[in-house]
Structure formats: C-alpha cells, structure tokens
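So the chains spell out like this:
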Amino acid sequence: MRLLSGRRIVLATLALTCASGLFALPARAADNAKQFIQSFGTQLVAIVNSPVPLSEKKIKVLPLVQKNVDIDGIGRYCLGRYWKIATPEQKQRYQALFHEVLVNAITDKLGEYRGVSFTIGDVTRSGNEDSVNAILTRPQQPPASMQWIVGYENGQPQVVDVIGEGASLRLTQRNDYSSFIARNGDSVAALLSALQKQLDRHNQSTN
Amino acid sequence: MISGRNGSWLRPRAQDQHDQAREGSSVHRRFRLGTLCLGLVLLGATGCSSMKAPVPTDPDALAEYKAANDPYEPLNRKMFNMTMKFDKWALRPVAKAYVWAVPRPVRNSLGNMITTMNEPSVFFNDVGAGKPRRAGDSFVRWCINMTAGVGGLIDVAKMAGFPHHDNDAGLTMANWGISSGPYLFLPMGPSSFRDGIGYGIDQGLSPWDYVPRGYGLVSFNWAYNMMGVVHGRSEHLEDLDALQRDALDPYATIRSAYQQQRKAQAEAIRNDRRATVPDWYQ
C-alpha cells in the first residue's frame, strides 16, 4: 500500500511528465524545422515570383537571407582547419568577404527560379540539426529534390546547409577553400585576396 | 581488312618470330628491345612516384588528405587540366553549337533516346545489385520506349509511371560493399578505381557493342556514343561555366561533389526497398 503513497504518486507523475516532455521534444523540433522552412521558403518564392525587376528582388531578398541563414556559421565551417590558424583580423575580413560571396551566390540565382514552387516532405534529425526534405518544381524542368539543413546554434532556427543531388554545399565549399589555401602555402591571406578578386569581378560584371 | 578485334594485335609478334627463324641478327634486336622495355619500366616507375602526393604529417592536414581519398592527386590534376583544355577548345564549343542549332524539343527527344539505349546496362546492374523492382522498371522502360516510344525518342514509360533511374557497375559494386578506392580523374570525367572498372564493365553490358560488323548499326553506335558525349555536355553548360567562374579550385570542388554524389546515389539504391510487385497489381 505504501507504494501508492501520495509523495510517490506525485513523484511518478512528475517523472512521467518529464519523460513525455522529453519524447515530445524531437517531434516539436522537427515541427519547428518544418514550419521554419515552410515560412522561409514561402517568403522566398513570393519574392522570386513577384512581377518586379530583378534588382528590386535582390534588395527585398537580402534581409530575409540575413535573418534566416546562419552565414557566419557557414563561413566558419567553410574555412575548416584554417579557422584555427587565422588571425582575428583575417577572420573578421574573411567573414565580411564570405558574407558578400554567399549573398551574391543566392541573389544571382533569383532570375533562374522564376515560376518556382516547392513542397516539403519529411524531417530527419541528425545531431543538433534537422534535415528538411523539399522538392523544387520549375517550369519545363524535372523536379529537383533537396534537403535543407536547419541548425539552432544562435537560439533560433536558421539554414546552415543545402544538400542538392547528394552534395552538401558547405562541405563542397570547404573542400574548395581548403584545397586552395593548401596549394597556396597554407596562406589564409591568399584566400582573402582571391575572394576579393572574385567579388571585384562580380561587381564589374553586374555594373 | 584485318581489324584489331580479328587479331592485328598479334601480328607484329608473329612477324617477329618469323624473322627470328630467318635472320641471325635477332639476338641483337632482342637486346635492343629488352633495353627499350627496361627503360620504359624505369620511366614508368619514376613517373609514378612523382604522381603520388606526399602524405602530410600535420594531424588536421592528414585527416583532410584521408577524407579527400586522392593519393594520385598530381597525376589526376594533370589529367584534369588536359581534359579541361580539350573541353574548352573542342567539346564546349561543339556542345554550344549543338544547343544553338538544335531546338529544345528535339534535344529532349535525343536525350530520351540516349537514356533508353542505355537502359539494358541499367537493367543488368539493377539485377546485379539485387533490386528486382528497379530492374523491372528499367526492363519495362526499355520495352515501352523502344516500341511505343519510337526507338526511345519519346519517353512514354515515364508518362506510364516508370521514370528513369540511374545505375552503373560502379554503383552495383558499391552495393556489394566494395569501397571506391582512390579517386581518379579520367578523360571522361571524375571517377575512382572502382568506378573506372565499372565504366569498363558498363561498356561490356551495352548490347550495341555486340552488333555484327558490316551493318549500318556500327555507324549508328559511333554516332550514338558521340551524340551521348555532346548531349551530356550540353546539359551542363551553365553549371560547368558557373563552377569554373566561382570555384577557387575547380578540381577540388568537382572531386568533392563527385564523391558525395556517388555516395548518395549508392545509398539511394540501397534504401530502395519497394515491393517487387508494382502498385497497380496489388
């Protein structure tokens, strides 16, 4: 009879509540990731498909990307093992350059995605990140399947990677940068000047 | 005319033996031949040692080196540069001309034909990978498209619910648990020891290689292969241009993307556990 004493029942109820809360957590995180991608995607698609000039679309998309994409986190990841050896000034300059490179990479694609629509599929969790399956449909092109990786490093859901046709964009970018730095005598400065050159070229071609 | 397949490979040696029996100076000739062979072997050996990348000692660099799985990087980079030069001056202009001259619907039809013609190779690989449902799909695709699809020009099978899926001997071997081996850049593109061997097997699995000689189909086979290369390149004009413009080290970018994609493709095949009986039958 002592088994059912008041204190034990209270404790058991508490434990059960905690346990059910724990079990519900991943599901809630998955829902969060799904909702986040749904809302971010809908806003992006609305801008891409809106009947305004491309330059205006680029201006509109910028704050959306800055808010919903963990650009600093992706930048750190892409520098790989060289993040440790870069000086604070180099890190700061790199992040500024990377920011511009990434935003250009996204805004340059806006024109190509006219008439795009997307559907969201399952969410799978790996480590601290959620992977949201999405299928992009563009006119006169076969549907493209991709995964959006959502991280929570900054206290809110943010896109940290996109996987298209099995290849992770951030991993491919990291291998590109690492190989370039390694072939230039392990010099981060060489990467910075190459990124600067790339941006100058981009600005010249768009002006 | 004696072709390579009919034994012209053997002719010089047979000729040599005949000469030996007839001429007394054959020992001298043999010596010269031997020296030449030795020289070639030595040249090959020294060449190969400079083709291997030095193994880094720094732990982080070593981890990166292992992840890249590219011990023959110097050799691969040489091949990459040569291929890119060939692409720049020959393949890309031809592919651009093809896009300019041939309207999109016609190109789509040719693409369908190329895909359908490769379906037997996909079928054998699906069987090899132990995926009956996939094998069924490629078999049905071949039958429908070769008949109702007018020799593959129209992808009727896709409309009937049998979309194309890729498979090749490299992926089949991956499903058997054979690891990729070191990365290789071959003239036809990024590859690996396993995928390179797989490429050879796939050539053997294509029925078009067994067409009897003297038929118009041999010329068709050549045209089909060349068409496949040009068409394949034309499908990636913008992607490759963007890659060469944006990547700081296009070689490393292609290597990374290729290795990730192959892994994902092999996993997709492994995880395809659809029932063998099609949906409409159940």
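Residues numbered from 1 in each chain as written. Chains lettered and ligands numbered in written order. Predicted model: local features only at pLDDT ≥ 70, side-chain atom pairs only at ≥ 80, totals over all residues. Heavy atoms only, no water.

Identification of chain B as Phospholipid-binding lipoprotein MlaA from Acetobacter lovaniensis is taken from an unreviewed UniProt entry. Looking at the Sequence similarities (unreviewed entry) heading of the UniProt record, one finds this comment for chain B: "Belongs to the MlaA family." (UniProt positions renumbered as here; feature names shortened; annotations may be inferred.)

As recorded in an unreviewed UniProt entry, chain A goes by the name Phospholipid transport system substrate-binding protein, listed as coming from Acetobacter lovaniensis.

Q: I tried to follow the confidence of the model for chain A on my own but got confused; where do I start?
A: In low-pLDDT segments, the atomic positions of the prediction should not be examined closely. With 85% of its residues at a pLDDT of 70 or more, chain A shows a mean pLDDT of 86. Scored below 50 in pLDDT, residues 21-25 of chain A makes 0 contacts in the model with residues more than four places away or belonging to other chains. (pLDDT = per-residue confidence, 0-100. Contact = heavy atoms within 4.5 Å.)

Q: Sorry if this is basic, but what is going on with the pairing of strand β3 (residues 144-151) of chain A here?
A: Taken residue by residue, a regular strand's side chains alternate between the two faces of the sheet. All names here are of chain A. In the sheet, strand β2 (residues 129-137) pairs with β3 via 7 bridges, with the strands oriented antiparallel. Pairing of alanine 134 across the sheet is with methionine 146, part of β3. Between β2 and β3, which pair antiparallel one after the other, the connecting turn spans 6 residues, and glutamine 140 there sits at a positive phi close to 60°. Note: β3 against strand β4 (residues 158-164), 6 bridges, orientation antiparallel. Its bridge partner being in β4, glutamine 147 is matched across the sheet by isoleucine 163. Between β3 and the antiparallel strand that follows it, β4, lie 6 residues; glycine 155 among them carries a positive phi value of about 85°. (Pairing = 2+ DSSP bridges. Helix = DSSP H or I, 4+ residues; strand = E, 2+ residues; numbered from the N terminus.)

Q: What is the right way to look at the packing of aromatic side chains in this model?
A: How two aromatic rings sit relative to each other is set out by the distance from centre to centre and by the angle between their planes. Throughout the structure, instances matching the rule amount to 13 aromatic pairs over all chains. When the ring of B:Phe80 is compared with that of B:Tyr251, the centres are 5.4 Å apart and the planes differ by 75°; the resulting orientation is edge-to-face. With a gap of 171 residues between them, B:Phe80 in helix α4 (residues 73-101) and B:Tyr251 in helix α13 (residues 250-270) connect regions that are remote in the sequence. A relative accessible area of 7% means that B:Phe80 is categorised as buried. Judged by its relative accessible area of 1%, B:Tyr251 falls in the buried class. Taken together, the ring pairs connect B:Phe80, B:Tyr183, B:Phe185, B:Tyr251 and B:Tyr258 into an aromatic cluster. Sitting over the ring of A:Tyr77, A:Arg174 keeps its end group 4.1 Å from the ring centre. (Phe/Tyr/Trp six-rings, centres within 6.5 Å; stacked < 30°, edge-to-face > 60°. Buried < 20%, exposed > 50% of the residue type's maximum accessible area, 1.4 Å probe, protein only. Lys NZ or Arg CZ within 6 Å of the ring centre and 35° of its normal.)

Q: Help me understand the interface of chain B and chain A, please; the structure alone is not making it clear to me.
A: Size of an interface: often given as the accessible area lost when the parts come together. In this complex, chain B contributes 19 residues to the contact, which on the side of chain A involves 20 residues. Taking both sides of the interface into account, the surface hidden between chain B and chain A amounts to around 1600 Å²; carbon and sulfur atoms contribute 47%. A per-residue breakdown of the area chain B buries against chain A is headed by B:Glu64, B:Leu248 and B:Gln260, which together make up 40% of the total. Run the count over chain B and chain A and you get 3 salt bridges. Put simply, B:Glu64 and A:Arg81 hold a salt bridge, and the shortest N to O gap is 3.0 Å. (Buried area = accessible area lost by both parts, 1.4 Å probe. Salt bridge = Lys/Arg side-chain N within 4 Å of Asp/Glu carboxyl O.)

Q: Looking at this model, I keep getting lost on the layout of surface pockets. Mind explaining?
A: Empty space among the atoms becomes visible once a probe the size of a water molecule is rolled across them. Quantified by volume, the second largest pocket comes out at close to 1000 Å³. In this structure, the second largest pocket is lined by 45 residues; those nearest its centre are B:Glu64, B:Tyr65, B:Ala67, B:Ala68 and B:Arg255. When contributions to the lining of the second largest pocket are tallied by element, the ones reaching two or more residues are α6 (169-183) of chain A together with α3 (59-68), α4, β2 (189-192), α10 (193-205) and α13 of chain B. Looking at the lining of the second largest pocket element by element, the count peaks at 10 residues for α13(B). Here the residues of the lining of the second largest pocket are counted per class, giving 17 nonpolar, 13 polar and 15 charged. (1 Å grid on protein atoms, 1.4 Å probe; cavity = no way out; pocket = protein on both sides within 12 Å on 5 of 7 lines; lining within 4 Å. Points joined across faces, edges and corners; volume = space filled by probe spheres on them. Nonpolar A, V, L, I, M, F, W, Y, C, P; charged D, E, K, R; others polar.)

Q: Teacher, can you tell me more about the sheet that holds strand β5 (residues 167-168) of chain A here?
A: Spatially, β1-β2-β3-β4-β5 (chain A) is the arrangement adopted by the 5 strands of the open sheet, whose pairing is antiparallel. At either end of the open sheet lies a strand with only one pairing partner, and these are β1 (117-126) and β5 of chain A.

Q: Please explain the pattern of salt bridges as it appears in this structure.
A: Think of it this way: side chains of opposite charge can pair up when their charged atoms draw near. Residues and elements named next belong to chain B. Across all of its chains, the model carries 24 salt bridges over all chains by this definition. Among the salt bridges present, the one from aspartate 195 reaches arginine 194, with a minimum N-O distance of 3.2 Å. In this structure arginine 194 comes out as buried when scored by relative accessible area, which is 9%. Connected through shared salt-bridge partners, Asp70, Glu73, Arg77, Asp249 and Arg255 make up one network.

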